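Survey of secondary and tertiary structure
Here are the chains, one letter per residue:
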Amino acid sequence: MSEVRVRFAPSPTGYLHIGGARTAIFNYLYARHHNGKFILRIEDTDIERSSKEYTRAILRSMQWLGLDWDEGPYFQSQRFDIYNKYLKKLLENKTGYRCWCSPEELSDFKNSLREKKLKFKKKYIEETNLHWLSERENIYPVVIVETPLEGTITYKDIVKGNITFSAKDLNDFIIWRSNDTPIYNFVVVVDDSDMGITHVIRGDDHISNTPKQIIIYNALKLELPYFAHIPMILGPDKKRLSKRHGATSVEAYKQQGYLPEALFNYLVRLGWSYGDQEIFSKDELVGKFDLDNVGKSAAIFNPEKLLWLNAEYIKSSHHARLFDEIIDRIPEEERSKLRSDSNFFKLIGLVKIRSRTLRELYENLKFYFEPYPNEYDSKGVRKFFSKKTLYEALRALYKKLDVMIHFNEENLENAFNEIATEYNVKLRDLAQSVRLAITGKTVSPGIFEIIELLGKLRTMRKLQYAIQWIEKHITFE
RNA sequence: GUCCCCGUCGUCUAGAUAGGUCUAGGACACGGGCCUUUCACGCCCGUAACAGGGGUUCAAAUCCCCUCGGGGACGCCA
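Residues numbered from 1 in each chain as written. Chains lettered and ligands numbered in written order. Predicted model: local features only at pLDDT ≥ 70, side-chain atom pairs only at ≥ 80, totals over all residues. Heavy atoms only, no water.

Turning next to helix 16 (residues 378-385). Of all the positions in helix 16, only Gly380, Val381, Phe384 and Phe385 are classed as buried. Each buried residue of helix 16 sits inside an arc of 105 degrees when the element is viewed along its axis, so together they form one side. Structural note: helix 16 exposes Ser378, Lys379 and Arg382 on the side pointing more than 90 degrees away from its buried face. On its buried face, helix 16 sits against helix 17 (388-402), helix 19 (427-439) and helix 21 (456-473). One side-chain oxygen of the residue at the start of helix 16 lies 3.3 Å from the amide nitrogen of Lys379, identifying that residue as Asp377. (Buried < 20%, exposed > 50% of the residue type's maximum accessible area, 1.4 Å probe, protein only. Helix = DSSP H or I, 4+ residues; strand = E, 2+ residues; numbered from the N terminus. Arc of directions from axis to C-beta. Contact = heavy atoms within 4.5 Å. Polar contact = N/O pair within 3.5 Å; in protein donor to acceptor, adjacent residues only side chain to side chain.)

Here is the structure:
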């Protein structure tokens, strides 16, 4: 077989969404696996709804996901010359015809045909004496492709197998608007052919477009590509995934703190599998991905599993990489200091196993450079700041730490234990009140570990602040 | 309504192509336990599915048919 050439062809009428991203990924992987070319084409023939802003956003999302393309982006809006050339051909060989009818007339006619269980065909225009086939005043013509009255159109889908349509079930369809611009079904065929696309890999919502496109291929005497229709992604209610199911754009997942590899991995595994394996590097995917293990049925998007995968990727990421990923969230004045602070990088290591997103990672990290917590967890305050003995223990601990010279885990642990015994409090309760004092939360890495990393100065400052806070806000019974 | 596609645990799936090795495997989630200064991580255990009905066959999740269910398409959108 000659070189594999595939394409991803989004229309810039919105951000790149999860479904589109998966289609792009499948195309990308198929190209890379077969040493072929991955082409990007922007389908902006609907000038009204397309925008430059969305185009930029789509490219940005693709780059973020690591979907680098080999050719393009081509813009259909710049290729009207080519479409005109093929349009001429279609008109010349009479598979396309001009129709002088208004949108209203056309839709009324289709409705009346529907009542008779008939499809819209040129033959019925003629039989009904509509006079739409020759010029009329004040009406701009559309160009319509004529579909056969009988027979079948069959093609072999790489993922779904043989699919057959009856010609009698097909409407003749418009391929050129009365405002002199071409329509989707026509331009895809022309472009895919012109760009030498060998495999059309797209969502299975395009299955019913395929017979129409095959008719155009045949009419234009163009070679047919292979078709592979991949199942769609559904929401939890089994409806087509949309905004009401929550975040659907790639951009949104980026903002929420997902790693591109995690999203990529999750999306490939949705509808494709390789035995029991769940986690794949991109190189592995390039080696293993092929269309034959793509499933036939629609998949429900499961945010929980994506979250799990993201956590897995965060856990196995290098600290430096994670630092780079969250740097935008860190206050500017802290960035360079932290970059060369080896304790901060150690802390990243402690915190990353309890962070499922980069956002969480940042939240778990920020106590390190913030002088004291913005607020204390209210439940924690009730349990650990509101007991007199714990408060007294905390004060005693403060004094003990104040004279401690080597601020290491071992010494800290001894000090905590001594105070706990002395004041007859549980070590865990003392640890919790210190944790709350330092991080503002009841959850963090090991208390001795973080104190050691934080160092004496910053620890004492936070403890002092907490003690004062308690004195100011709490009245013991 | 018409046409097309799909149907294994709640979810993603292994199982197909070569019907027996499937008392149906893995993963997420969920439940329990261990570890433990909190929360995680990690480890161990558990709950849970072949949509239904007919065939074919010594034998069917795997092949055939029907029913039911879900989705998609029927635009001068892509």
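Here we come to the domain arrangement of chain A. With domains assigned, chain A is organised as domain 1 (1-73 + 231-316), domain 2 (81-176), domain 3 (317-368) and domain 4 (378-473). Computed from C-alpha coordinates alone, the two centres of domain 3 and domain 4 are separated by 23 Å. Facing 11 residues of domain 3, the contacting portion of domain 4 comprises 12 residues. Summing the contributions of domain 3 and of domain 4, the shared interface buries around 970 Å²; its carbon and sulfur component is 63%. Looking only at domain 3, the three residues that lose the most surface to domain 4 are Leu350, Phe367 and Tyr368, adding up to 58% of its buried area. The interface formed by domain 3 and domain 4 contains 0 salt bridges. Looking at side-chain class alone, the side of domain 3 that touches domain 4 contains 5 nonpolar, 2 polar and 4 charged residues. (Domains from an automatic or database assignment. Buried area = accessible area lost by both parts, 1.4 Å probe. Salt bridge = Lys/Arg side-chain N within 4 Å of Asp/Glu carboxyl O. Nonpolar A, V, L, I, M, F, W, Y, C, P; charged D, E, K, R; others polar.)

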